[in-house]
Amino acid sequence: MIKKILVAFLLLPTLLCAQINTERVMMIARNALYFEDYVLSIQYFNQVINAKPYLYEPYFFRGLAKINLDDFQGAEADCDKAIERNPFVVGAYQIRGLARIRQNKYDGAIEDYKKALHYAPENVTLWHNLTLCHMQKKDYEAANEDLEKLLTISPKYTRAYLMRGEVALKQQDTIRALKDFNTAIELDKYDPDAWSSRAIVQLQQSKYAEAESDFDQAIRLSARNAGNYINRALARFHQNNLRGAMSDYDLALDIDPNNFIGHYNRGLLRAQVGDDNRAIDDFNFVLEMEPDNMMATFNRGLLRAQTGDYRGAIEDYTTVINQYPNFLAGYYQRAEARKKIGDRKGAEEDEFKLMKAQLDRQNGVSKNDVAQNSQDDKDENEEDGDKTRKKSDKNMNNYRKIVIADDSEQERQYKSDYRGRVQDRNVSIKPEPMFALTYYEKMSDVKRSVNYHTFIDELNQTDVFPKRLRITNMEAPLTEEQVKFHFALIDTHTSAIVADERSAPKRFARALDFYLVQDFTSSIDDLTQAILLDDTFFPAYFMRSLVRCKQLEYQKAEETAIAKQGGDAAHKEITAIDYDVVKADLDKVIALAPDFVYAYYNRANVLAMLKDYRAALVDYDKAIELNHDFADAYFNRGLTHIFLGNNKQGITDLSKAGELGIVSAYNIIKRFTDQPE
């Protein structure tokens with residue numbers, strides 16, 4: 001009865017908002033936020049705001065959810081309201097600052113970070129973001145002052161040295177920049193950004209072999225960064241290693257198929273080695289992205305002529321000449337192509353244009369084409385040995401030069417490095433998560449095996465569940481429509497339970513609805529009732545163990561956050577004893593369904609979480625014995641071996657996990673390959 005009333009309140013917040021248990025709804029909302037179910041969390045925060053609009057917390061946390069959904073304007077508005085109600089909450093300024101940054105409101109963001117630092121002067125994240133704001137505004141003196149204070153607070157903070165090195169580069173001080181990048185590498189040799197930052201300076205200094213070596217290290221540590229392959233290709237190109245450079249462009253385009261520089265430069269290199277048709281493919285791709293790119297058009301024209309497509313070449317040359325009527329190379333090439341198709345009149349017109357241009361130059365007549373340097377300028381550039389051009393360079397005489405990124409594009413790494421979002425980059429090594437029974441699964445870039453069990457398939461043949469039950473550890477957050485769907489289903493399942501009070505599956509179905517809307521307490525109640533009705537119904541034990549584990553995970557995170565802020569813990573400290581009930585439920589699943597491989601895997605995860613690694617290995621071994629293609633079990637067993645110092649065994653398992661589709665395994669292999677046993 002109590003659960004039915006709660007559901008009614010959840011569905012009718014505007015009518016009954018004064019009566020809802022705001023503390024309980026707030027807890028469910030924060031639970032949803034912690035597990036990155038942002039749309040659902042907003043629904044709950046709305047209810048608390050409707051009931052108690054004078055509280056700052058629901059506005060603050062709703063703003064945090066919105067910023068994770070890229071609703072930066074909405075996040076800023078919610079933080080405004082939170083600050084109106086409580087101007088002393090550091091996090092509200094921090095999140096509003098981030099929301100303003102995403103809207104390019106850097107002055108407002110700087111004000112927010114300064115205000116937050118007034119209350120939390122040793123907060124590294126605040127100093128980090130304040131520095132990046134000053135860098136974005138090109139106020140390098142202020143950025144340096146920020147970094148001095150940041151390094152006083154945290155002298156081993158690697159990112160500070162990388163940012164200070166970047167500021168030094170902006171001030172044309174490569175010696176100081178290299179010193180900071182060297183320090184960053186000394187502090188953390190596993191930070192790929194430190195290696196790539198130093199490599200970029202070495203590229204600028206024409207130290208191409210050293211740059212290539214540093215990019216090797218960066219790629220070893222971060223194999224999915226297309227920019228590192230693009231830059232290493234440049235280092236190889238300058239050492240005349242064209243095949244190596246093309247290989248890097250291939251790899252970069254596997255990762256980022258729409259990379260402009262990758263396609264353009266690969267097209268140039270393919271042309272140099274005579275791979276004309278594939279070079280044309282690259283320039284076709286570039287022109288799909290940028291139809292007005294005249295250098296790509298001219299290069300494609302040259303290649304078309306090379307492959308005998310003279311009419312296509314003439315079309316490209318004409319397009320360029322119409323845009324740059326004083327581009328003499330265009331007339332020369334078009335004249336040659338016109339001769340090939342027998343258009344003598346057209347060829348003579350182009351040759352007359354060339355002859356007239358030569359006479360004009362001899363007589364000192366200037367065409368004053370701003371976008372067009374003279375042939376002398378071209379010769380001078382080639383004598384200087386400059387083989388590259390900036391992407392924004394429109395000088396047609398540079399059509400054969402390799403493209404490098406503009407400065408504004410190179411800054412993107414720092415633009416995207418603001419701290420404060422829930423999903424900020426976490427460099428720690430994490431095991432693959434636990435499995436659940438649910439209806440929704442995230443799409444994976446790499447297809448893995450379908451998770452299956454006979455009993456779950458039989459359940460799916462019944463009419464109890466609204467959707468097909470999936471066994472997955474890649475749970476997808478609910479959309480707004482799905483949230484409404486499952487709130488409505490709770491009522492539907494409540495009616496079904498009233499009609500058939502002895503049905504464990506029906507109790508289980510409603511428990512899943514409560515689980516999906518992050519009401520863990522109600523979910524556990526229903527799962528317990530399902531077990532009381534049928535103590536052989538192992539899915540109920542399985543899901544109860546998962547929900548309890550998530551509850552404990554959230555409580556630990558809350559306690560950690562309170563402790564960091566210097567507050568007193570609101571609850572008792574979570575210990576290994578609290579996980580006994582989780583393990584007990586998994587023990588029961590294994591007793592009832594010894595072939596249900598996911599129970600062994602989940603129990604191993606719990607044991608590993610409690611640092612009982614040897615017991616965890618036993619369960620991972622059993623899981624792999626039951627399913628030889630269980631990628632997640634190989635991955636986690638590999639990590640467990642590494643935690644025990646058995647790197648060789650760990651790397652063997654991680655290699656198998658990578659083979660089966662867990663791409664992140666390769667990055668971890670690289671990090672631990674060089675470490676001794």
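Residues numbered from 1 in each chain as written. Predicted model: local features only at pLDDT ≥ 70, side-chain atom pairs only at ≥ 80, totals over all residues. Heavy atoms only, no water.

Asker: Can you lay out the overall build of the protein for me, pointing to particular residues and giving the numbers?
Answerer: Per the secondary structure count, the protein includes 36 helices and 4 strands. By residue count, 51% of the 677 residues in the protein fall in the buried class. Taking all contacts inside the protein whose residues are at least 6 apart in sequence as the whole, residues at least 24 apart take part in 59%. Accessible surface computed for the protein: about 32300 Å², of which carbon and sulfur atoms make up 48%. (Helix = DSSP H or I, 4+ residues; strand = E, 2+ residues; numbered from the N terminus. Buried < 20%, exposed > 50% of the residue type's maximum accessible area, 1.4 Å probe, protein only. Contact = heavy atoms within 4.5 Å. Areas by Shrake-Rupley, 256 points an atom, 1.4 Å probe, with all protein chains shown as cover.)

Asker: Give me the nonpolar core: which residues, what numbers.
Answerer: Of all hydrophobic cores here, the largest spans 148 residues; its most connected members are Phe465, Leu469, Phe508, Phe542, Met543 and Phe596. Here this core gets 10 residues from one element, more than from any other, and that element is helix H30 (residues 538–564). Apart from the residues lying within four places of it in its own chain, the contact partners of phenylalanine 465 are Tyr439, Leu459, Pro505, Phe508, Ala509 and Leu512. Formed by 49 residues, the second largest nonpolar core is a distinct cluster that contains Tyr208, Phe237, Phe283 and Phe327. (Core = buried A, V, L, I, M, F, W, Y, C linked by side-chain atoms within 4.5 Å.)

Asker: Just give me the short version of helix H22 (residues 344–362), but keep the residues and values in it.
Answerer: With 19 residues, H22 extends 27 Å between its outermost C-alpha atoms, agreeing within 8% with the 27 Å of an ideal straight helix rising 1.5 Å per residue. For H22, the complete set of buried residues consists of Gly346, Ala347, Asp350, Leu354, Ala357 and Asp360. Projected down its long axis, H22 carries its buried residues within an arc of 150°, all on one side. Opposite the buried face of H22, at more than 90 degrees from it, the exposed residues are Arg344, Lys345, Glu348, Phe352 and Gln362. As for H22, its buried residues are in contact with helix H21 (328–340). (Expected span 1.5 Å × (residues − 1). Arc of directions from axis to C-beta.)

Asker: Can you break down the packing of helix H27 (residues 480–499) against helix H28 (residues 504–516) residue by residue, with the values?
Answerer: Across the interface, H27 lies against H28 with an axial gap of 9 Å and an inter-helix angle of 160°. In terms of their interaxial angle, H27 and H28 are classed as roughly antiparallel. The way H27 lies across H28 gives a crossing that is left-handed. From H27, His486, Leu489, Ile490, His493, Thr494, Ala496 and Ile497 reach across to H28, where they touch Lys506, Arg507, Ala509, Arg510, Asp513, Phe514 and Leu516. (Axes fitted to C-alpha atoms, helices over the stretch in contact; angles between N-to-C directions. Parallel < 35°, antiparallel > 145°, perpendicular 65-115°, else oblique. Left-handed = near helix turned anticlockwise from the far one by under 90°.)

Asker: I'd love a proper account of the environment of arginine 270, names of residues and values included.
Answerer: As for its placement among the helices and strands, arginine 270 is situated in helix H17 (residues 260–272). Measuring from C-alpha to C-alpha, the distance between arginine 270 and leucine 242 comes to 8.9 Å, with 28 residues separating the pair along the chain. Look past the residues within four positions of arginine 270 in its chain and what remains in contact with it is Met246, Asp250, Asp275, Asp276, Arg278, Ala279 and Asp282.

Asker: So what's going on with the pattern of salt bridges? Residues and values would help.
Answerer: As enumerated under the stated definition, the model contains 47 salt bridges in all. For aspartate 282, the salt bridge goes to arginine 270, with nearest N and O atoms at 2.9 Å. Taken together, the residues span a long stretch of sequence, with aspartate 282 in helix H18 (residues 276–289) and arginine 270 in helix H17 at a distance of 12 residues. The burial state of aspartate 282 is the same as that of arginine 270; both residues are buried. (Salt bridge = Lys/Arg side-chain N within 4 Å of Asp/Glu carboxyl O.)

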